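# Reading the structure
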Amino acid sequence: MNGPRDRTAIVTGGAGGIGFGVARRLAADGFAVALLDLDEGAGKRAAAEIEQSGGRAVAVGIDVTDEQAVQTAVELVAEQLGAPAVLVNNAGVTRDNLLFKMSLDDWDTVMDVHLRGSFLMSRACQRYMTAAGWGRIVNISSTAALGNRGQVNYSAAKAGLQGFTKTLAIELGKFGVTANAIAPGFIVTEMTRRTAERMGIPFEDFVKGAAEHTPVARVGQPADIAHLVSFLVSDGAGFVSGQVIYAAGGPVC
Ligand SMILES: NC(=O)c1ccc[n+]([C@@H]2O[C@H](COP(=O)([O-])OP(=O)(O)OC[C@H]3O[C@@H](n4cnc5c(N)ncnc54)[C@H](O)[C@@H]3O)[C@@H](O)[C@H]2O)c1
């Protein structure tokens, strides 16, 4: 039976934050990992760090909204590391504003990276997974899917990803491919740092405030999400599909 050691995982937005945490964990689990990120330099540094720790990793500079680039990158990964068996759609951006001030460009950018990007990546990878009769897709949603002031674009995209996940699960299940979504709460990354900066709040105060509203009395780290991804892409998780798992240090509603 194949195990992680014979398998390739693609992580979009793998150059930093949650994506890098996930890539590092999957490499430690034994997967060969491909880091697909807009920031090619950061991706290469991240891949080198994984290799220095004994993992196998490549970085590909790519915009996940570019159809042709996605196709080419996935084929390149298949050639260099082997057919992708795991896909983590993690690349993401925010363009926050209240509805009445939000530009169409900010709406489109957020929709494109999260939804168009996840669609293109999943479509390009599924043919390898269905041919192998085994695959795992994990989409990174957010607690913002339940609604968040100033994020009408982001919350719509993250809720959209949940419907996308359930339909992937329905269509691909008979081919041995599962699809699940993780909806993180507050995770310490550049994304949350930038949000604090934009709001004019020192990051430490921002983190402290978020922790005070979290039942486990702390904020999350990329490793918290990586641990859940590691479970969802394991062989043993084959009966878990079409689920949205909130990883937010407590219940969310
Ligand atoms: N940090 C949080 O609190 C939090 C909470 C819930 C969900 N999320 C989601 O988790 C995912 C990762 O977020 P993060 O906090 O690590 O953010 P981050 O900004 O630290 O990292 C995002 C990565 O995605 C890459 N990226 C952006 N646009 C891209 C594109 N078009 N093509 C390829 N790569 C692209 C960036 O270069 C970056 O490396 C995102 O989908 C985000 O929405 C984050």
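Scroll up to find the structure this text is about.
From a predicted model like this one, the values you see are computed outputs, not experimental measurements.

### Let's talk about a negative patch on the surface
Residues Asp 63, Asp 66, Asp 105, Asp 108 and Asp 112 make up a contiguous surface patch of negative charge. The topology assignment puts Asp 108 in helix H4 (residues 104-132). Looking at Asp 108, the relative accessible area reads 33%, which means it is partly exposed.

### A word on helix H1 (residues 17-29)
Between its first and last C-alpha, H1 extends 19 Å over 13 residues, near the 18 Å set by a 1.5 Å rise per residue. Residues Ile 18, Gly 19, Phe 20, Gly 21, Val 22, Ala 23, Leu 26 and Ala 27 constitute the buried set of H1. Buried residues along H1 sit in contact with strand E1 (8-12), strand E2 (32-37), helix H2 (40-52), strand E4 (84-89) and helix H8 (222-232). Phi turns positive, to about 115 degrees, at Gly 30, one or two residues after H1.

### Focus: H4
The end-to-end C-alpha distance of H4 is 41 Å, a good match for the 42 Å that 29 residues give at a rise of 1.5 Å each. The sharpest bend along H4 comes to roughly 40 degrees, located at Asp 112. Looking one or two residues beyond H4, the residue adopting positive phi is Gly 133, at roughly 70 degrees.

### Description of the side chain of Thr 192
Tracing the chain through its elements places Thr 192 in helix H6 (residues 190-199). Among the polar contacts listed, one links the side chain of Thr 192 to the backbone oxygen of Ile 187, at a separation of 2.7 Å. Apart from the residues lying within four places of it in its own chain, the contact partners of Thr 192 are Phe 186, Ile 187, Phe 203 and Phe 206.

### A short note on the site of the ligand
In the region of the ligand, 29 residues are neighbours, and Asp 37, Asn 90, Tyr 154, Thr 189 and Arg 194 sit closest. Backbone polar atom of Gly 185 to an oxygen atom of the ligand: 3.4 Å apart, as the coordinates give it. Relative to its free-state accessible area of 830 Å², the ligand is covered by the protein chains to the extent of 92%. When contributions to the shell around the ligand are tallied by element, the ones reaching two or more residues are H1, H4, helix H5 (152-172) and H6. Sort the elements by how many residues they give to the shell around the ligand and H6 lands first, with four residues.

Cut-off values and rules
- Residues numbered from 1 in each chain as written.
- Predicted model: local features only at pLDDT ≥ 70, side-chain atom pairs only at ≥ 80, totals over all residues.
- Heavy atoms only, no water.
- Patch = residues over 30% accessible without salt bridge, like charges linked within 9 Å, V, L, I, M, F, W, Y side chains within 5 Å.
- Areas by Shrake-Rupley, 256 points an atom, 1.4 Å probe, with all protein chains shown as cover.
- Salt bridge = Lys/Arg side-chain N within 4 Å of Asp/Glu carboxyl O.
- Lys, Arg positive; Asp, Glu negative; His and termini not counted.
- Charge placed at Lys NZ, Arg CZ, Asp CG, Glu CD.
- Helix = DSSP H or I, 4+ residues; strand = E, 2+ residues; numbered from the N terminus.
- Buried < 20%, exposed > 50% of the residue type's maximum accessible area, 1.4 Å probe, protein only.
- Expected span 1.5 Å × (residues − 1).
- Contact = heavy atoms within 4.5 Å.
- Bend = angle between axes of the 7 residues up to and from the residue.
- Polar contact = N/O pair within 3.5 Å; in protein donor to acceptor, adjacent residues only side chain to side chain.
- Near = heavy atom within 4 Å.

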